[in-house]
Amino acid sequence: MHILYLHQHFSTPAGSTATRSFAFARALAARGHRVTLATGRTQGAESGLSGPFRKGRRDGRVAGFQVVELGIPYANAMVMAARSVAFLRYAAAATRLALREKPDLVIASSTPLTVALPALLAKALRGIPFIFEIRDPWPELPRAMGVLPAPIAPFMEGLANLACRRAAAVVALSEGMGETARTRGADPAWVKVIGNGCDLDLFGPHIAPWRPAEAAPWEVLALYAGAHGRANGLGVVVEAARLLAARGEARLRILLVGEGAEKTTLMRTAADLPNINFLPPMPKREVAGLFAGSQIALHILADCPAFAEWTAPNKLMDGLAAGRPVISTAPGDAARLLTEGGAGMAVAPGDAAGLAAALIGLVEDPARRTAMGAAARSLAVRQYDRRLLAARFSALVEAIPTAQTAHSKPVHYAISGRG
């Protein structure tokens, strides 16, 4: 089968961004499918290609599949207008690619929501079925955060409804996202929850550890690696560091790795604190080594009730895979996963004092850290191994053409665990 995989923010593990689409495309290619993945040029991402762009693109083989990299830059720090232009440029280029390639199936991975446009047009003009993957629920999430521009809200509502109703299947990263798809009219029998997973080759006890020069040998390191944007709510980490510094606590150092629109402000706010360091974005392999050299993983999100069931962040999975106890400020599914699995603890969003107390509790109890870390790695291996999730995703992909061609009833197969 020829599969066109559309993900504007694709990256290999050489980059500092999420690698879900890399793992899934590689798995599909390993099963004998011809996969073409179209991506843009997202800051921090690495396509695996080198050499010059010609007529706005470059092509090449990466991990057994074809990558088409479009010369469309994107960064989280862009203003809304520039981001919107980048999204629409990618959608236009991907539409041309889909109509020219005439694949058997399109996979449209959102965000951005505009990735649904080429999939919808390919279905309307060529009859090509598509899978719509919801990695973040739009426009639900920006509306909940109060950042959805009123002029484009009706367009986004309509596009989300169309994508869910016209898709042959919808893949959601959490049960909450799956429910939004069903509410928007997706066929319940074809809404599948396949959440984020753990890269057990990249993270784990086999990885050589390293620590930054600022870290003293006796310090316990608490690591956050990810975006520094409004949705991440990292101000609570700075405030927790300030509370600990005021007590003269010298046994803990907090590391914040990444980039984003809020990073400059965060660094300015924390400039006088001796117990927190900001590091630049780095390749996933380097992050894995830093996790191995740290003792605590941080999973931080802003105080937004919608995050309870609508998110499935990679940061949580990376901490589990690394075998580190995770402290999370996300309620809902993330909190249940950690507390029920004994892999960490949950703190109320925005609660700096609670976060500080949780950190010191783990600093003072190495045995508890070790037990939680072992439970985290066990969860990663038993339930969240990305290879298992890629196999489920591939099974869904392979069911679509058969069902579409034969006009048969939905093919049901087991998807166990919490996404």
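Look up a bit, the structure's there.
Summarised in this report is the structure supplied together with it.

So, how was this worked out
Numbers given to residues run from 1 along each chain, matching the order in which its sequence is written. Thresholds applied to this predicted model are a pLDDT of at least 70 for local features of residues and 80 or more for the giving and counting of side-chain atom pairs; totals over whole chains, interfaces and linings are not thresholded and use all residues. Water and hydrogen atoms play no part in the side-chain values, which are based on all heavy atoms of the structure. Salt bridge criterion: a side-chain nitrogen from Lys or Arg within 4 Å of a carboxyl oxygen from Asp or Glu. Labels follow the DSSP assignment, with helices taken as runs of H or I lasting at least four residues and strands as runs of E lasting at least two, numbered in each case from the N terminus. Pairing of aromatic rings covers Phe, Tyr and Trp, the last counted by its six-membered ring, and requires centre-to-centre distances within 6.5 Å; plane angles under 30 degrees mean stacked, over 60 mean edge-to-face, and any other angle means tilted. The cut-offs for exposure are 20% and 50% of the maximum accessible area for each residue type, with area from a 1.4 Å probe on protein chains only; residues under the lower value are buried, those over the upper are exposed, and the others partly exposed. In protein, a polar contact means a hydrogen-donor-capable atom and an acceptor-capable atom, both N or O and within 3.5 Å, with residues adjacent in sequence counting only if both atoms are side-chain atoms; elsewhere, any N or O pair within 3.5 Å suffices. Pairs of residues are marked as contacts when any of their non-hydrogen atoms sit within 4.5 Å. In this analysis, strands are considered paired if DSSP registers two or more bridges between them. To get an axis, a line is fitted to the C-alpha atoms, and for a helix only the part in contact is used. The angle between two axes follows their N-to-C directions and goes from 0 to 180 degrees.

This next bit is on the pattern of salt bridges. Within the structure shown, the criterion is met by 17 salt bridges. Between R41 and E69 there is a salt bridge, with its nearest N and O atoms 3.8 Å apart. Taken together, the residues R41 in strand β2 (residues 34–42) and E69 in strand β4 (residues 65–74) connect sequence positions 28 residues apart. Ionic contacts of the salt-bridge type, sharing partners, join the residues R20, E133 and R135 into one network.

What follows deals with the packing of aromatic side chains. Counted under the stated rule, the structure contains 7 aromatic pairs. Centroid distance F203 to F291: 5.8 Å. Interplanar angle 75°. Geometry classified as edge-to-face. Of this pair, F203 sits in the loop between β8 (191–193) and β9 (220–225) while F291 sits in helix α9 (residues 284–293); the two residues are 88 residues apart in sequence, bridging distant segments of the chain. Per residue, the accessibility class of F203 equals that of F291, and both read buried. Among the aromatic residues, those joined into a ring-pair cluster are Y5, F24 and F393.

Another point: the side chain of H228. As for its placement among the helices and strands, H228 is situated in the loop between β9 and α7 (235–246). Within the local environment of H228, its side chain forms a polar contact with the backbone oxygen of G226, the two atoms lying 3.0 Å apart. Setting aside residues up to four positions removed in sequence, H228 forms contacts with L234, L256, V257, G258, E259, G260, A261, E262, K263, L266 and F278.

Glancing now at the sheet that holds strand β6 (residues 130–134). Strand order in the open sheet formed by 8 strands is β3-β4-β2-β1-β5-β6-β7-β8, with mixed pairing between adjacent strands. At either end of the open sheet lies a strand with only one pairing partner, and these are β3 (57–62) and β8. The sheet shows a mean angle of 20° between the axes of neighbouring strands, direction not considered. The strands touched by helix α3 (residues 116–126) are β1 (2–6), β5 (105–110) and β6; relative to β6, the strand with the most contacts, the crossing angle is about 160°. Against the sheet, helix α6 (residues 175–183) makes contact with β6, β7 (169–172) and β8, and its axis sits at roughly 170° relative to β8, the strand it touches most.

Mapped onto the elements, A330 comes out in the loop between β13 (326–328) and α12 (333–341). Setting aside anything within four residues of it in sequence, one finds A330 in contact with H299, L301 and A335.

Spatial strand order, β11-β10-β9-β12-β13-β14: 6 strands in an open sheet with parallel pairing. The open sheet has two free edges, formed respectively by β11 (276–279) and β14 (344–346), since each of these has just one partner strand. Strand after strand, the sheet turns through a mean of 20° between neighbouring axes, direction not considered. Across 4 bridges, strand β10 (residues 252–257) lies against β11 in parallel orientation. When the sheet's bridge partners are listed, L255 is paired in β11 with N277. Across the sheet, α12 lies against β12 (296–299), β13 and β14, angled at about 140° from β14, the strand it touches most.

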